[in-house]
Amino acid sequence: MADRKATLQIDGQSIELPVLSPAAGKDVVDVRTLGKHGYFTFDPGFLATGSCESAITYIDGENGVLLHRGYPIGELATKADYLEVCYMLLHGEAPDEKQYHEFKDTITKHTMVHQGIHNFFNGFRRDAHPMAMLCAVTGALSSFYHDDLDIHDENQRLRSAYRLIAKIPTIAAMAYKFSIGQPFVYPRNDLGYAENFLNMMFSVPAEDYKISPAVARAMDRIFTLHADHEQNASTSTVRLAGSSGANPYACIAAGVASLWGPAHGGANEACLRMLAEIGSVENIPKYIEKAKDKNDPFRLMGFGHRVYKNTDPRATVMRESCHEVLKELNRDDPLLDVAMELERIALEDDYFIEKKLFPNVDFYSGIVLKAIGIPTNMFTVIFALSRTVGWVSHWHEMMGEANQKIGRPRQLYTGYTKREFSPIKK
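Remember, predicted model here, so these are calculated numbers, not experimental data.

Draft legend 1. Representation of the overall build of the chain within the structure. Looking only at helices and strands, the chain features 17 helices and 6 strands. The C-alpha radius of gyration computed for the chain amounts to 24 Å, which stays within 12% of the reference 22 Å derived for 426 residues, consistent with globular compactness. Oriented by its inertia axes, the alpha-carbon framework of the chain measures out at about 75 × 65 × 60 Å. Buried positions account for 47% of the 426 residues belonging to the chain. Taking the intrachain contacts of the chain between residues at least 6 apart in sequence as the baseline, contacts between residues at least 24 apart amount to 70%. Carbon and sulfur atoms make up 51% of the accessible area of the chain, which amounts to about 22000 Å² in all. Charge-centre separation for the chain: the mean point of 46 positive side chains lies 7 Å from the mean point of 53 negative side chains.

As structure tokens, this is what we get:
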């Protein structure tokens with residue numbers, strides 16, 4: 001990979017650094033030897049730093065490209081289901097029919113959680129945030145599988161990965177049921193992954209719950225479109241935690257905690273709060289003007305993207321599901337009317353087009369989740385559910401590396417230099 005060199009000149013000293021060429025994307029200057037020369041790099045937010053090698057996901061934000069194991073996200077979301085994508089992310093290749101059914105059967109039969117898990121929820125307040133419950137219970141899973149946590153054994157790593165993919169939807173639904181005072185609903189082996197989650201969320205013992213195919217399809221696409229997104233904050237958190245040798249359940253709990261932040265996993269929730277602030281279609285022109293005013297603190301949430309500079313490839317697919325679900329459910333909700341009018345303006349207004357403020361995946365997924373009846377405090381939980389496979393795939397990939405090292409970032413120290421300490425009596 002290192003067929004070229006970059007030369008760094010510092011105070012008359014020349015330092016040669018290898019230039020690495022990836023399979024796709026920009027070349028990378030390898031700065032690992034800088035420490036031997038008495039230097040290291042300064043890059044807050046790691047905006048220009050590659051922290052690892054990975055063969056899982058590739059993003060080209062300038063051209064709106066998102067590939068999982070080489071497959072475009074649009075094709076995966078329309079031609080495969082979520083469990084096919086899970087298998088591919090974990091194993092590197094799309095499954096054949098036999099592999100798919102074996103994997104699906106394994107995941108399905110591990111969706112039930114140990115009865116002792118139920119006791120954890122009794123320790124939470126009724127008004128606890130579902131993400132708090134998900135984070136705590138996910139980390140606690142390690143206490144039930146402590147004899148199967150050899151992170152250097154590939155088979156044990158995969159079993160842990162399968163358990164997490166299978167059980168996180170059950171725990172997520174339990175968090176919701178606990179928060180509204182309804183009994184937990186056990187998973188059903190006769191249902192698909194998305195259908196099973198919807199059934200655990202919305203069914204009650206008193207009556208049958210009919211699962212709309214359009215809703216189930218949209219939920220499956222939400223899972224697929226959020227499955228992985230390269231080295232974002234939560235994935236990097238999982239890798240950093242895993243680099244210490246922590247067990248996979250602790251690492252995924254760390255990922256849940258990172259995702260909880262409003263700057264990361266709370267984007268679709270923020271979008272719904274924005275729609276609630278606008279309130280009605282009649283108020284949209286006023287808020288459009290506020291958004292265009294640089295001196296106004298109001299910001300349009302769910303439009304544009306930090307990574308994608310032209311279009312979010314996930315949004316194209318999610319838009320189709322969004323309109324399909326709204327047509328199917330025919331909900332009378334003024335906020336959904338506001339959302340659809342905002343979408344129309346964003347696709348036609350010169351200001352939005354010039355600034356590339358396109359509706360992103362968070363905009364459409366937030367609308368779909370609201371239309372289905374999922375409360376906004378569960379949005380980030382569903383994001384975490386979807387992203388679990390990405391987290392465990394990166395963790396599994398990292399733990400399989402021969403020379404994996406513990407993460408240890410450096411800092412630019414700006415505090416006091418050495419000074420004398422005086423006893424408190426003086």
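Draft legend 2. Geometry of the packing of helix α2 (residues 82-91) against helix α6 (residues 154-180). Two numbers describe how α2 lies on α6: the axes approach to 12 Å, and their chain directions differ by 155°. When the interaxial angle is binned, α2 and α6 end up roughly antiparallel. Crossing hand, α2 versus α6: right-handed. Facing α2, whose interface residues are C86, L90 and H91, α6 presents L158, A161, Y162 and I165. When grouped by side-chain class, the residues that make up the contact of α2 with α6 number 6 nonpolar, 1 polar and no charged.

Draft legend 3. Representation of the sheet that holds strand β4 (residues 57-60). One open sheet holds the 3 strands; their spatial order is β4-β5-β6, and the pairing between them is antiparallel. On the outer flanks of this sheet lie β4 and β6 (71-72), each paired with one strand and no other. As paired elements, strand β5 (residues 65-68) and β6 share 2 bridges and run antiparallel to each other. In the sheet register, H68 faces β6, and the bridge partner there is Y71.

Draft legend 4. Structural view of the nonpolar core. Among the nonpolar cores identified, the biggest contains 116 residues, and F121, F197, M219, F223, M274, L342 and I374 are the most heavily contacted of them. When residues of this core are assigned to their parent elements, the largest contribution, 14 residues, is made by α6. Those residues in contact with F121 that sit more than four places away from it in its chain are M133, V137, I171, M174, A175, F178 and F184.

Draft legend 5. Quick peek at the pattern of salt bridges. If you walk through the whole model with that rule in mind, you get 18 salt bridges. Among the ionic pairs, K79 bridges to E75, the shortest N-O distance being 3.9 Å. With a gap of 4 residues between them, K79 and E75 both fall in helix α1 (residues 73-79), about one helical turn apart. Here K98 makes a salt bridge to E102, at a shortest N to O gap of 2.7 Å. With a gap of 4 residues between them, K98 and E102 both fall in helix α3 (residues 97-108), about one helical turn apart. Given a relative accessible area of 58%, K98 falls into the exposed group. Here the salt bridges do not stand alone but share partners, grouping D148, R159 and R163 into one network.

Draft legend 6. Up close: unusual backbone geometry. Despite not being glycine, E230 has its phi angle at roughly 65°, a positive value. With respect to the helices and strands, E230 occurs in the loop between α8 (213-225) and α9 (233-242). What makes E230 partly exposed here is its relative accessible area of 29%. Phi at K356 takes a positive value of approximately 60°, unusual for a residue other than glycine.

Rules used in this analysis
Residues numbered from 1 in each chain as written. Predicted model: local features only at pLDDT ≥ 70, side-chain atom pairs only at ≥ 80, totals over all residues. Heavy atoms only, no water. Helix = DSSP H or I, 4+ residues; strand = E, 2+ residues; numbered from the N terminus. Rg over C-alpha atoms; globule rule 2.2 N^0.38 Å. Buried < 20%, exposed > 50% of the residue type's maximum accessible area, 1.4 Å probe, protein only. Contact = heavy atoms within 4.5 Å. Areas by Shrake-Rupley, 256 points an atom, 1.4 Å probe, with all protein chains shown as cover. Lys, Arg positive; Asp, Glu negative; His and termini not counted. Charge placed at Lys NZ, Arg CZ, Asp CG, Glu CD. Axes fitted to C-alpha atoms, helices over the stretch in contact; angles between N-to-C directions. Parallel < 35°, antiparallel > 145°, perpendicular 65-115°, else oblique. Left-handed = near helix turned anticlockwise from the far one by under 90°. Nonpolar A, V, L, I, M, F, W, Y, C, P; charged D, E, K, R; others polar. Pairing = 2+ DSSP bridges. Core = buried A, V, L, I, M, F, W, Y, C linked by side-chain atoms within 4.5 Å. Salt bridge = Lys/Arg side-chain N within 4 Å of Asp/Glu carboxyl O.

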